[in-house]
Amino acid sequence: MNKQVNYNTPHWDVFCAVVDNYGDIGVTWRLAKQLHAEYGITINLWVDDLKSFSHILPKLDPFASIQCFYGVNIYQWNQPLDINFIPGELLIEGFACELPSQVIEVIESQHQAYKQSNGHAIAPPKWINLEYLSAEDWVNSCHGLPSMQPSGIKKHFYFPGFTRESGGLICESSLFDERDQWQSDVSNKMALFSQLNLKGIESSDTVISVFSYESTALTQLCKHWTKGTFDQTSDVITPIHALIPKGKSLSSLASFLDIPIDSINSGQSFTVDHLTIHVLPMTDQTQFDRLLWSCDFNIVRGEDSFLRAQWAAKPFIWHIYPQEDDYHLVKLQAFVNIYIQKLDDDIATNWSKTNFAFNQQGADVVKHWQKLISAQLPLLQHAKQWAIDAKTGADLASRLVQFVKTS
Ligand SMILES: Cc1cn([C@H]2C[C@H](O)[C@@H](COP(=O)(O)OP(=O)(O)O[C@H]3O[C@@H](C)[C@H](O)[C@@H](O)[C@H]3O)O2)c(=O)[nH]c1=O
């Protein structure tokens, strides 16, 4: 029989240091929301940069030390920590961020007291480091490994991943139903476009969302997109709309647009022949998901938007976060290997080449794109099936809850 373990309170703490961009906060915020909504867990999310966070949660007050959204308690993590830390059942360190010394001291002294009391005192929280997502093979054998800290406390490494042996992928239980309902009625996407103040988009136009890093490949593609989409059966050219938030993607288009990027505001649009570039506002994650569900093709990046593009069940290009010594290309290859398994050889090759060309600023990106897009329908069918297969029976939150129970 399992021994009853007592914690101060059953809540979970999640610590997130925003390194750059929005991925660290994007992932921990998604997880925090889901854990509260689906498992009723009280989550305290500690974030060191509320200003960045407010870009993806516009209602957030960047100056409030404590606030609550979607039932998640959001704490401003100042250095040194100026809010009293009371440990709960689990401590999640997001992406190996350095926990505040005050937190370490509290859990170390709890650990000592617990040991000396022979397990009768309040237990220290379990401690995991939530790692970055990768499709590499080694993830399976490293997921869940403990690391003994000098104090004698065990920290476990939690690796998200695409296999049953890994920590799984963040995916809310009702997400696919909501997406299917959204995609089943074209008026939803048209309503979203008008809510975002995007003008001149017809339901038959090609709409591409772009959320990448700086890339000359994007400039190449935009030049190509000015030709529009040519439909051979009807002999008609339809317009292309690229939906781009202010930021890195748009910065790469300065010379293409021939306008200083700083002077551009969201809501503006630029038409060059058959291409219109619409400058988007940043929205919250729910709207961002809906945007991905609404486009014909998505260019995404990093970790969270990369995964949400998969859940959108639409074709996509992944602009992976660049790493030293081009290690990101190894990670890209690992994902490409699993993503193309069920694609026809030709489409698989084109999908792979388009992704590598985009990531390597390749001038031949247009050549691969043209071939890829000629297989839009099978690519779309594949994207739908991929989302179903990738969930592999359990999502990250449910695996994490199980992991905490058994570790
Ligand atoms: C454009 C947009 C994005 N988002 C969200 C979606 C995601 O949660 C988040 C973007 O995160 P990502 O897609 O992961 O891309 P990113 O480039 O912003 O984040 C990256 O940060 C680095 C520090 C990490 O090392 C990378 O692995 C990666 O996570 O922003 C919105 O909510 N609204 C928006 O309008």
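Residues numbered from 1 in each chain as written. Predicted model: local features only at pLDDT ≥ 70, side-chain atom pairs only at ≥ 80, totals over all residues.

- Per an unreviewed UniProt entry, the chain is named Protein-arginine rhamnosyltransferase, and its organism is Shewanella japonica.
- Recorded in UniProt under Sequence similarities (unreviewed entry), the annotation for the chain is "Belongs to the glycosyltransferase 104 family." (UniProt positions renumbered as here; feature names shortened; annotations may be inferred.)

### Things to note about the sheet that holds strand 12 (residues 240–245)
Line of reasoning, step 1. The six strands are arranged 13-14-12-9-15-16 in an open sheet whose pairing can be described as mixed. Each edge of the open sheet is held by one strand with a lone partner, namely strand 13 (269–272) and strand 16 (316–319). Across the sheet, the mean angle from the axis of one strand to that of its neighbour is 15 degrees, orientation sign disregarded.
Line of reasoning, step 2. In the packing of helix 11 (residues 304–311) onto the sheet, the strands contacted are strand 15 (297–301) and strand 16, and the crossing angle to strand 15 comes to about 155 degrees. (Pairing = 2+ DSSP bridges. Helix = DSSP H or I, 4+ residues; strand = E, 2+ residues; numbered from the N terminus. Axes fitted to C-alpha atoms, helices over the stretch in contact; angles between N-to-C directions. Contact = placed C-beta atoms within 7 Å.)

### Examining the site of the ligand
Line of reasoning, step 1. Surveying the vicinity of the ligand reveals 23 residues, the closest of which are N21, G23, G26, G302 and S305.
Line of reasoning, step 2. Sorting the residues of the shell around the ligand by element identifies helix 1 (23–39), helix 10 (285–294) and helix 11 as the ones contributing at least two each.
Line of reasoning, step 3. Residues that form the shell around the ligand fall into these classes: ten nonpolar, seven polar and six charged.
Line of reasoning, step 4. Shared between two domains, the shell around the ligand takes at least three residues from each, and those domains are domain 1 (12–170 + 393–406) and domain 2 (175–390). (Near = placed C-beta within 6 Å. Nonpolar A, V, L, I, M, F, W, Y, C, P; charged D, E, K, R; others polar. Domains from an automatic or database assignment.)

### Some details on helix 13 (residues 345–359)
Line of reasoning, step 1. With 15 residues, helix 13 should reach 21 Å at 1.5 Å per residue; the first-to-last C-alpha distance of 21 Å fits that figure.
Line of reasoning, step 2. Those residues of helix 13 lying buried are N350, W351, T354, N355, A357, F358 and N359.
Line of reasoning, step 3. The inward-facing, buried residues of helix 13 contact helix 7 (216–225), strand 16, helix 12 (327–339) and helix 14 (365–373). (Expected span 1.5 Å × (residues − 1). Buried ≥ 20, exposed ≤ 12 C-beta atoms within 10 Å, placed from the backbone.)

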